[in-house]
Each structure stands twice: as C-alpha cells, then as structure tokens.
Amino acid sequence: MKTLKYWFLLISLLVSLITKSDGTELMVKTSEIKKVTVFLNGAQLSRTCSLSVPAGNTDVVISNLSSKIEESSLQVKATGDVIIMSVKLRTNYLDKRQNTFDRKQLEAQLKAINKQEKEHKMLKAVYEGEQGVLLANQNLGSETEGFTAKQLQEIVEYHHTKLLDIRSKILELDLQLESLQEQISTLTKQLNESANVEKSPINELVVSISAKKECTTTFLVEYYINDAHWVPFYDARVEDVNKPIELSRKAQVYQNTGEDWDKVQLTLSSANPQLSGSKPELYPTNIDFVAAEPMRNMVLQSQAMDDSEDLQIKEDVKVQKSSSNIKGRSTDFMVKPSAMRLDFVIENPYTIPSDNKPYTVAIGQLSIPAIYEYQIVPKLDPSAFIVARITNWDQYDLLDGTVNLYFQQTYIGKTFLNTKQVTDTLGFSLGRDPFIVTTRKSIKEFSSDETIGSDRKLLRNWEITVRNTKRTPVTITLEDQVPISQSRDVDVYVYETGGATYNPKTGKLTWNFTLEPSSSKQFTFKYRVKYPKSKGTYTE
C-alpha cells in the first residue's frame, strides 16, 4: 500500500513539472552534435533534436549544453508547421556535467586488467599446489627400500626437473602480476583524479514554440564556443630527387568546451571569428614645430598611433587570395575557398573528447612537383645539402605550420612553412648527400704574407673541388666569400672570382652549375687584403 502511494505521489509530481500553470506543455529533450567547424580560435557547433509536439504552445528544453556558449551567436531553426516564439539560454547549476568520455575508457581498461590479474592468481595457486605435493613427497625415508639405485636417481631427477619448472613459472607469474598491479594502481589513481574534478554547470536552451496541430519537428541549434582551436602541420616525404614531394596535410585539434564530440562531421577553417570585421578609421596626422625639444625640431603627432612609433607609420596589411584550382593529387578532403578563409571538409567522422589534448586529424594528400638542387658552403661545411623548391606554391592553399621532413623513409628534421613570404618559390632542406664530395684548400704557392713599409699585404688563393659520385647528374649552387672592408684603412682587392657571381656588398661568391655523373669541377678565387701592420692581423 505504501508502494502504491509512493508511485502516485511521484506521478503527480512529474505531471506538475511537465504541465505549467498557463497550460503550456514542457518537454525536456537531449540533442546530438552532428557538425563542428573548428576555427583557428573557437568553434561553431551544430546540434539536432527531433521530437513530436502537440498542438498549441510548448516549451522545449534542450538540455546538457556547454556552459561556455557565446549567447549572441545562438541560432535556432525548426522544421515543419512550427513557429518559434522565443529562445532563452539558462544555466542549470543542479545538474552538472561530468566528462565521462575518458572515464569509461579507463574503467574498461581497469576491468580487463583486473580480469587478467585474477587469472594469473588462479594459475599461480595451481602451480603452488603442485609444488606442495612434490615437496611433501620428496622425503622418501624408509620407503626407499625396494628401489634400485637407478630408480632412486630417476625419482630425484624428476623432482628436481618438475620443481624447477614450477618455480620458474611461478616467478614469471609474479613478474606479470607485479606489472598488472602497477597498471591497476595507475588507472585507479587516474580514475580517482577524474572523480575529484569539479563538475561544471550545464546550459539549457528553452525554445518556446507554437504548433497549429500535432506534428514532428527537428530543431537545428548552432552556436559559437571558445576553448577550441586547430594547428596545421605537414609531413613532407621525398623518395627520390626525381620524384615529386608527397605532402600530407594534417591538423592538431584541441578542445575544452565541456562537450565531447562523438563521431562528428568535422570542418577545419582558417577563419578567426574573434578578429574584428570593422574597417579601421584614419585620423588626421598633424606635423608642427615644438620649441620645447631643441634636439628634435619636428615631431609627429597622430591620434591613430602611439608616440613611441618615432616618426614612422608602417602599414602591413595583406589579404591572401586562395584558389580552388588545386593541382596535384588530393584525397580525403575538400577545400572550399571563400573571400577571406579556407574550409577543409573532412570526409571521415572524428571523435574528439573535451580534454584540451591534441588529436591528429588527417586532412588530405598532395603530390607536388619540385625542383631539386644541391647547395654547398664549403667554408662552413663541406657537405652537400639537398634542397627541394616548389614554384607557384600559393596555388595549393597552404597555411603556416610545422613541416616534418622525411627523405627516403628517414626522418631528417623539421622546418616551418611561412606562407607570408613574398617570393613565389618555397624551399625545403632535405639533409646531406654523402655522394657529393667537396674539398676546399688554400694554394700555398700562390698565397703570401708580406710587410711593405707600414703596410701588411695578405694574398689568398682558394681552390674548391666538387665531385659527383652519383649515377645521375645534379644541379649545384656553390657559395663562398671574400672579406668586406669596414674601414678606409683596410683595402680588399679581388683578383679572380673563378667565374662566380660576385656581390661586392656582401662579398658572396656564387657558382651555379650542373655536374655530370662520376665527374668533378674545380673553382679558384683570389684576393688581397692590405692594412696597417699596427692595426692587427687578418688570419683567414
């Protein structure tokens, strides 16, 4: 009887909650995240919620939303013969959100390891029982009467072999149990830590609707939320200098929105909604003489800049134009260029928990033709460095990011892709090639060091030899230098450049040439340095 009374009170309470005093019905529904567009800062989420609504006015409460929603970005649409009267976002402090995504995985791991531990303990108990039987029967005493010496030897050897085998298995199980117990301890600590994390409040969306008749409707809820971003990066792989660069586009996606994204359709956008869309305003720039500053006859005053800019106005505004005509092989993604952004639509669904950890998303693959050349600076390093150059790289809609470099399936390091550079050629260093051998030496018979009067004259003659031991021709850029005078007391005269392009401002010598297989080339350059002998010594 008490049970029936309890259920009656509970049903009455629920009816009073579902029906408001003004006759409007209250329906509580959950929704699913279907689409997420992650920006360089922030993300836009799209949720859907389908339900049947009665005729008349109804308040639909869409629950379990993040507390970090930008309310001004909230948009709600409904299908069917339904009119949305009002939309209100409110915070529910009673029902708090707990991130159970990782916790469920941890609990599953802990359950599996606990099962292994029990199985190992059962097996160990069996071995210990066998060991106890053997130990109890190893003392034969008077029972040895009637056994021959050979039989006794066989019994002793059997006990020895069997005990050794059992104890080895027990030792192995003990080591495995120790490892399992360490894993159990680690997982238990992690679970306890996640249980102690303060639960965050949740938001609820109250949508007041009006329907002329009973119908089924689907709500589409879209909103912007902070605490999410993505960082582009690349894997550049080169198998051979005669093949194109295989460039893998990737992204590290971070989110700490309070909502787990479970198998969502993901779009990565280069847009930044936090940037202001308002045009900047120019203010008058006034120039006048100020007598209060005798060291500066003229100062610049501007309402649009700080005084610390020191008489300079710098403008560096660049709009990067994207192109949808992407050459090369492209898979797994679609690029949607717009006036100010690039959107990469990922075909496969992704799951990204709300834990602010990086999750790698594969965007797609590009096969990009490249020009390969070898660069050598023998004064600093005799090695030949392979450099891959991509021309007209802006057609591939690349973004700034780290590039992981692989040459012939070997990781050789990292570089950074800077798309803000003004040149139309992009270069990657692919490491050293030991099959290009370079030597640099001073020709002693044509070098001298002499003092004439108050001056000292140094004559230097350098010889560089480059040898190609590969079976294919290579294009090489060779660089060296002569000193540059920084004083009128020091005179530098270049006698010979060896056919190099000489830059007198930097002193750099550059040779560009093609070296055939199993061949070599020599280059010489010669210069003189003259300076007062009392002013120091030049040693190079």
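Basis of the calculations
Residues numbered from 1 in each chain as written. Predicted model: local features only at pLDDT ≥ 70, side-chain atom pairs only at ≥ 80, totals over all residues. Heavy atoms only, no water. Pairing = 2+ DSSP bridges. Helix = DSSP H or I, 4+ residues; strand = E, 2+ residues; numbered from the N terminus. Axes fitted to C-alpha atoms, helices over the stretch in contact; angles between N-to-C directions. pLDDT = per-residue confidence, 0-100. Phe/Tyr/Trp six-rings, centres within 6.5 Å; stacked < 30°, edge-to-face > 60°. Buried < 20%, exposed > 50% of the residue type's maximum accessible area, 1.4 Å probe, protein only. Lys NZ or Arg CZ within 6 Å of the ring centre and 35° of its normal. Polar contact = N/O pair within 3.5 Å; in protein donor to acceptor, adjacent residues only side chain to side chain. Contact = heavy atoms within 4.5 Å. Core = buried A, V, L, I, M, F, W, Y, C linked by side-chain atoms within 4.5 Å.

**Q** Would you mind going over the sheet that holds strand E29 (residues 508-515) in detail, with residue names and values included?
**A** Sheet strands associate in pairs through backbone hydrogen bonding, adopting either a parallel or an antiparallel arrangement. Read from one edge to the other, the open sheet built from six strands follows the order E22-E19-E18-E26-E29-E28, with strand pairing classed as mixed. Of all strands in the sheet, those bounded by a partner on one side alone are strand E22 (425-433) and strand E28 (501-503). Sheet twist, expressed as the mean angle between neighbouring strand axes with direction ignored, is 25 degrees. Direction of pairing for strand E18 (residues 371-377) relative to strand E26 (residues 474-481): parallel, over a ladder of three bridges. If you follow Ile376 over to E26, its bridge partner there is Leu478.

**Q** Give me the lowdown on the confidence of the model for the protein chain, citing residues and values where you can.
**A** In this model, the protein chain carries an average pLDDT of 80, and 78% of its residues clear a pLDDT of 70 or more. The secondary-structure element of the protein chain with the lowest mean pLDDT is strand E13 (residues 298-302), recorded at 36, while E29 shows the highest, at 96.

**Q** So what's going on with the pairing of E26? Which residues, and what values?
**A** In the sheet, E26 pairs with E29 via eight bridges, with the strands oriented antiparallel. Counterpart to Gln481 in the pairing with E29 is Lys508.

**Q** Quick one: what's the story with the packing of aromatic side chains, residue by residue and with numbers?
**A** Enumeration according to the criterion identifies eight aromatic pairs in this entry. For the ring pair Phe513 and Phe523, a centre distance of 4.9 Å and an interplane angle of 45 degrees mean the geometry is tilted. In this pair, Phe513 sits in strand E29 while Phe523 sits in strand E30 (residues 519-532), placing the two residues 10 residues apart along the sequence. In terms of burial, Phe513 and Phe523 fall into one category: buried. An aromatic cluster is present here, built from Trp511, Phe513, Phe523, Phe525 and Tyr527 joined pairwise through their rings. The cationic tip of Arg440 hangs over the ring face of Trp462; the distance from NZ or CZ to the ring centre is 4.1 Å. Of note, Lys526 hangs over the ring of Tyr495, and the distance from its end group to the ring centre comes to 5.8 Å.

**Q** Outline the environment of Asn57, listing residues and values.
**A** Tracing the backbone through its elements, the reader meets Asn57 in strand E4 (residues 56-65). Spatially, the C-alpha atom of Asn57 lies 9.5 Å from that of Ile83, the residues being 26 residues apart in sequence. Within the structure, the side chain of Asn57 is placed 3.3 Å from the side chain of Ser210, a separation counted as a polar contact.

**Q** Describe the side chain of Lys470, and please don't skip the residues or the numbers.
**A** Inspection of the secondary structure assignment puts Lys470 in the loop between strand E25 (455-468) and E26. Reaching out from Lys470, the side chain makes a polar contact with the side chain of Asp433 at a distance of 3.3 Å. Setting aside its immediate chain neighbours within four residues, Lys470 contacts Tyr374, Asp433, Phe435, Ile436, Pro517 and Ser518.

**Q** Give a description of the nonpolar core that names residues and reports values.
**A** Judged by nonpolar contacts, the single largest core of 84 residues is most densely connected at Trp261 and Leu268. With residues up to four places along the chain from it excluded, the contact list for Leu268 reads Val38, Trp230, Ala251, Val253, Leu342, Asp343, Phe344, Ile346, Val361 and Ile363. Listed in part, the seven residues of the second largest apolar core include Leu106, Leu180, Ile184 and Leu191.

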